[in-house]
Amino acid sequence: MSATDVTGTGREQSEEAGKAVISVNSLGKRFGDVAAVNGVGFTVAAGEAFAFLGPNGAGKSTTISILCTLLHPTSGEARVAGFDVVRDALAVRRRIGLVFQDPTLDDYLTAEENLRFHAQLYRVQRAQIPRRLDEVLDMVELSDRRHSLVRTFSGGMKRRLEIARGLMHSPQVLFLDEPTVGLDPQTRSHIWSYINELRAREDITMFLTTHYMDEAENCERIAIIDHGEIVATGSPEALKEAVGQDRIELHVDDPAEAIDELREKFDIEAKLSEGLVAFHVAGAEEFAPRLLLELHTPTRSIRIARPTLDDVFMSYTGRTIRDAEASGAERMRSRPMVRARRAR
């Protein structure tokens, strides 16, 4: 599958001028017979906020692990801050910050102790540590809890502290692997307020993975990844404009009959998505009256929406991210040996 590149921001010109801080070419990673990452290629410009958008199991975390030198690729190459992630792993690590998907703080240390330990690991000059501690704690609004044990923190506070830790050594690139997974919507919103503020203050390149549409909207460019392959790249607006059609969702008594009828009468290929019959057409508001008049399948409700990033994902993969995650979970349930190996 070849990826579609949809331009839409000024960042592409920066990349062409050779200013990419992340450069990936034909990157692949296999685990036995499974290709977790399959020949992906992309660049990220200095100062850009770039997102990998895709369902769980699409290859997002595997790619970010390779870029952060935690995994070796099976094929291809990747460079971060000008250094090869395999040959110059130590140089890459010194120039990146990483917020893991799973918590990695020491609960039995205070917030300040966690940050000091990180600063020492990254050899931050001793004289600079107090100033940097104040800066990052103030940025995530945890200054008043600097002497509190981390085990007393809420999930959102821990995530904020992890972001502060990732910034402690002033990295060129901050990697965020599903930064708000497991958090409630209000806390997620607060976390993104902190992330957007740090971008304004830190002059940093940001690379994040997510399966949340609203998080991807915060980024200047998005790469949509599915089954280990990048299927499209571009700004959120450019990707949505490329879909070019409105989305219609029908709640009907007989979805199979409706899908057949849409194909035969209107030459429309519809799919069942989350219990609704979904398809795309140009000028949905003008088309809807004719649809309701001529569709014989009893229709309980109709919903019309302008293209979203989920529509973009569906247009390139044939299903929504939620459908993809549901099918992935079903595959895992049908493969108990895989679950057992991963649990060990």
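A. Structural detail: the overall build of the protein. Within the protein, the regular secondary structure consists of 14 helices and 15 strands. Partitioning the intrachain contacts of the protein with sequence separation of at least 6 by distance along the chain shows that 72% fall at a separation of at least 24. Element-wise, carbon and sulfur atoms account for 47% of the exposed surface of the protein, whose accessible area totals about 16700 Å².

B. Layout of a nonpolar patch on the surface. On the surface, Phe117, Leu121 and Tyr122 cluster together into a nonpolar patch covering about 310 Å² of accessible area. Positionally, Tyr122 belongs in the loop between helix H4 (111-121) and helix H5 (129-139). Judged by relative accessible area, which is 32%, Tyr122 ranks as partly exposed.

C. Focus on the nonpolar core. Counting residues in each nonpolar core, the largest one holds 49 residues, and the members touching the most others are Leu115, Leu161, Ile163, Leu167, Leu176, Leu198 and Ile222. Other than its neighbours up to four places away in sequence, Ile222 contacts Ala51, Leu53, Ala216, Ala232, Thr233, Gly234, Pro236, Leu239 and Leu309.

D. Highlighting helix H7 (residues 185-202). Taking 1.5 Å of rise per residue, 18 residues should cover 26 Å, and H7 covers 25 Å from first to last C-alpha, within 8% of that figure. Within the span of H7, buried status applies to Thr187, Arg188, Ile191, Trp192, Tyr194, Ile195, Leu198 and Glu202. Across the axial projection of H7, the buried residues extend over an arc of 160 degrees, all falling on one side. Facing away from the buried side of H7 by more than 90 degrees, the exposed set consists of Pro185, Gln186 and Ala200. On its buried face, H7 is in contact with H5, helix H6 (155-167), strand S8 (173-177), strand S9 (205-210) and helix H8 (213-216). A distance of 3.1 Å separates the backbone nitrogen of Gln186 from a side-chain oxygen at the start of H7, and that oxygen is part of Asp184. Asp203, located one to two residues past H7, shows a positive phi value of around 50 degrees.

E. Broad picture of the sheet that holds strand S3 (residues 34-45). What the four strands build is an open sheet, ordered S3-S2-S5-S6; its pairing is antiparallel. This sheet does not close on itself; its edge strands, each paired only once, are S3 and strand S6 (83-84). Note: strand S2 (residues 20-31) against S3, nine bridges, orientation antiparallel. When the bridges of S3 are listed, Ile22 appears paired with Val44. Lying over the sheet, helix H2 (residues 60-67) contacts S2, S3 and strand S5 (75-80), oriented at roughly 120 degrees with respect to S2.

F. Up close: the pairing of S9. Within S9, six of the six residues are buried, leaving the element largely enclosed by the surrounding structure. Because side chains alternate across S9, one face comprises the buried residues Thr205, Phe207 and Thr209, and the other comprises Met206, Leu208 and Thr210, equally buried. Here five bridges tie S8 to S9, and the two strands are oriented parallel to one another. Each bridged residue has a counterpart across the sheet, and for Asp177 the counterpart in S9 is Thr209. With respect to chirality, the unit in which S8 leads through H7 into the neighbouring parallel S9 is right-handed.

G. Region of the structure containing helix H10 (residues 255-266). Given a rise of 1.5 Å per residue, 12 residues ought to cover 16 Å, and the 16 Å separating the end C-alpha atoms of H10 matches this to within 8%. Taken residue by residue, H10 has Ala258, Ile259, Glu261, Leu262 and Phe266 as its buried positions. The buried residues of H10 occupy an angular sector of 165 degrees when projected down its axis, which confines them to one face. Turning to H10, the residues buried within the fold contact strand S12 (246-252), strand S13 (271-273), strand S14 (276-281) and helix H11 (284-294). Among the residues trailing H10, Asp267 stands out with phi positive, at a value near 55 degrees.

H. Seen up close, the side chain of Glu178. Tracing the backbone through its elements, the reader meets Glu178 in the loop between S8 and H7. The class for Glu178 is buried, based on a relative accessible area of 2%. At 3.2 Å, the side chain of Glu178 and the side chain of His211 are in polar contact. Setting aside its immediate chain neighbours within four residues, Glu178 contacts Asn56, Lys60, Gln101, Arg159, Thr209, Thr210 and His211.

I. Looking closely at the packing of aromatic side chains. Using the criterion set out here, one finds eight aromatic pairs in the structure. Measuring from ring centre to ring centre gives 5.6 Å for Phe175 and Phe207, while their planes differ by 45 degrees; the resulting arrangement is tilted. A residue pair is termed long-range when its members are at least 10 positions apart, and Phe175 in strand S8 and Phe207 in strand S9 qualify at 32 residues. The exposure class of Phe175 is buried, given its relative accessible area of 0%. Taking relative accessible area as the criterion, Phe207 reaches 0% and is therefore assigned buried. Geometrically, the ring pair formed by Phe266 and Phe287 is edge-to-face, given 5.5 Å between the ring centres and 85 degrees between the ring planes. Residue Phe266 is located in helix H10, and its partner Phe287 is located in helix H11; the two are separated by 21 residues in the primary sequence. A single burial state applies to Phe266 and to Phe287, both of which are buried. Three or more aromatic residues joined by ring pairs make a cluster, and in this case those are Phe42, Phe50, Phe52, Phe175 and Phe207. One cation-aromatic arrangement involves Lys29 over Phe31; the distance from NZ or CZ to the ring centre is 5.4 Å. Above the face of the Tyr212 ring, Arg188 is positioned so that its terminal group lies 3.7 Å from the ring centre.

Calculation rules
Residues numbered from 1 in each chain as written. Predicted model: local features only at pLDDT ≥ 70, side-chain atom pairs only at ≥ 80, totals over all residues. Heavy atoms only, no water. Helix = DSSP H or I, 4+ residues; strand = E, 2+ residues; numbered from the N terminus. Contact = heavy atoms within 4.5 Å. Areas by Shrake-Rupley, 256 points an atom, 1.4 Å probe, with all protein chains shown as cover. Patch = residues over 30% accessible without salt bridge, like charges linked within 9 Å, V, L, I, M, F, W, Y side chains within 5 Å. Salt bridge = Lys/Arg side-chain N within 4 Å of Asp/Glu carboxyl O. Buried < 20%, exposed > 50% of the residue type's maximum accessible area, 1.4 Å probe, protein only. Core = buried A, V, L, I, M, F, W, Y, C linked by side-chain atoms within 4.5 Å. Expected span 1.5 Å × (residues − 1). Arc of directions from axis to C-beta. Polar contact = N/O pair within 3.5 Å; in protein donor to acceptor, adjacent residues only side chain to side chain. Pairing = 2+ DSSP bridges. Axes fitted to C-alpha atoms, helices over the stretch in contact; angles between N-to-C directions. Right-handed = clockwise from strand over helix to strand, strands pointing away. Phe/Tyr/Trp six-rings, centres within 6.5 Å; stacked < 30°, edge-to-face > 60°. Lys NZ or Arg CZ within 6 Å of the ring centre and 35° of its normal.

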